[in-house]
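# Examination of the molecular architecture
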Amino acid sequence: MKTMKNFLLLLAAVFSFASCEKDEDKIYLSSIQSGELVATESTVVLSQENSNDIVLSLAWTKDALQISDPALSAIDVTIQTLQVSTTQDFSGVVSENVETSLSKAYTGAALNALAKNIGANPDVANNVYFRLAAQTGKNMIPVYSNVVTVAVTPYTIDMSLGYILNADKAETGVTLYSAASDGQYLGFMGATAWYNFFMKEGDGTVWGNDGVTGTAFLMSSEESSWNFWFPGMGGCYYVDANTNKKAWSALYIPSLTLTGDVAGTMTFDRPNVKWTYAFSAAQAGNITFKVNGTGRLYDSSTGTDGSDSDANLGIETPVSFAQNGENLIFGGEAGNITVNVPAAGECTLVIDLSNPKQWTVEVTSGSAEPEPVRETLYMLGISEGEGDWNFNNYLRLYDEDNLGYAGVADVNSPWGYQIAIEEGNWEMFINWAKAMPMPER
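So, here is what we can say about the structure in this document. The structure displayed is predicted, hence computed values, not measured ones. (Residues numbered from 1 in each chain as written. Predicted model: local features only at pLDDT ≥ 70, side-chain atom pairs only at ≥ 80, totals over all residues. Heavy atoms only, no water.)

### Here we look at the overall build of the protein
Our working definition: Runs of E in the DSSP output that reach at least two residues are strands. Runs of H or I that reach at least four are helices, and both are numbered from the N terminus. In this description, contact between two residues means that some pair of their heavy atoms is separated by no more than 4.5 Å. Residue exposure ignores everything except the shown protein chains as possible cover, and the areas themselves are Shrake-Rupley values with a 1.4 Å probe.
If you tally the helices and strands in the protein, you get two helices and 35 strands. Sequence separation of at least 24 residues holds for 60% of the intrachain contacts in the protein that already meet a minimum separation of 6. A total accessible area of about 23,200 Å² is found for the protein, and carbon and sulfur atoms account for 49% of it.

In structure tokens:
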């Protein structure tokens, strides 16, 4: 209003000067003229598949003060607010957002979240109404544009799962679980050393590191965020990602020990996120045991320093499992776990942590399953003679029985090269083909 008052005083001075020169010269300032709003679509059906696509765009003309003399121009002090509601007269819940441009585009995820926030029903078509409100000040009566109606069919937003994305923000099939859908996502992950990732919520929000050096476990949903990364040890991690606290943690579990009717140290099957233990059963029937271990917790208080000493940074933390019906629970004191041995002879105890909603334990007949045959080997350090250390050059499996791999690659590398057996894993190599030092990545 101060700006408007100054404008009116200035305009009054102009009028005064003009009246001295010629009384019949008058300049008129009219009220705001409403703009026109248009939409690219009249019907939008939303799904997870089009959540990242632009599904609806709006555009409008500028609402502005009008002045009678074309040689003069009024100061643009209009405030334009885009209003959205499921009620045609905007008497219900209204989403309001001040706009500074003349258009707005919605991705499927953004429009789905908007529809949810204004009370639209999922999985059915809802009339969603859009209009612009223009004001010259917050205490002024707004002028409205025409109302645009779009039939929007939202999908149900499941906030119970956090989807793990790779560095390119593509889904990996790994999830974390929020039982109360309250923004705290928990679960186990089998990670390689320095594995990096993003996490996407059900409403499409993508979380990463806050992008500040030295704050490895703080979270941000800004476009400029970095990816999360694990410490320099590959293996089993219990992950706690809390979007409300904007912090996450990684509890590294190097080993688990069995005591009771079976005793020994379990082996972690990282790709399948399972702990296994092979043993010989004297007879069929139930066995009872406990599972304990000592982990190291990495969070915002510890960080990671990017070297082998990461193994000493984490906070020593006891870990254990207990039984709850047919499922396992993690944390607290170790409890007795009872499972059935189907037959005497070679057996394998399997603790399956791959499903964050349900951790299970069972005994299967036979020894532990062999590791699946890898389809690809990766040649690191090969890139047209430049020695580029990435996983872009590979050999393909052609003889499964004899584990034969073949491919074509330029091996003219000044640093030599390594053959890795798993994409993204900088720890597992077959051998050096040329004894040269490996440059820093």
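### Describing the pairing of strand E25 (residues 285–298)
Counted only if it meets this: Two strands pair if DSSP finds at least two bridges between them.
Alignment of strand E20 (residues 247–253) against E25, held across three bridges, turns out to be antiparallel. Paired with Ala250 across the bridge in E25 is Tyr298. Where strand E21 (residues 257–260) and E25 come together, four bridges link them in antiparallel fashion. Within E25, the position partnered with Thr257 by the bridge is Asn292. Across five bridges, the pairing between E25 and strand E28 (residues 337–341) is antiparallel.

### Section: the environment of Gly295
Note the following rule: Throughout, exposure labels follow a simple rule: accessible area from a 1.4 Å probe, protein chains only, divided by the maximum for the residue type, with under 20% read as buried, over 50% as exposed, and the rest as partly exposed.
You can see Gly295 is positioned in strand E25. For Gly295, a relative accessible area of 0% gives the class buried. With 43 residues separating them in the primary sequence, Gly295 and Tyr252 have C-alpha atoms 5.3 Å apart. The residues touching Gly295, leaving out its near neighbours within four places in the chain, are Leu251, Tyr252, Ile253, Pro254, Ile315, Glu316, Thr317 and Val319.

### Some remarks on helix H2 (residues 108–117)
Of the positions making up H2, those classed as buried are Gly108, Ala109, Leu111, Asn112, Leu114 and Ala115. One or two positions beyond H2, positive phi appears at Gly119, with a value near 95 degrees.

### Section: the environment of Gly204
When you line up the elements, Gly204 lands in the loop between strand E15 (196–200) and strand E16 (206–209). For Gly204, a relative accessible area of 31% gives the class partly exposed. In sequence terms Gly204 and Ala110 are 94 residues apart; their C-alpha atoms lie 7.5 Å from each other.

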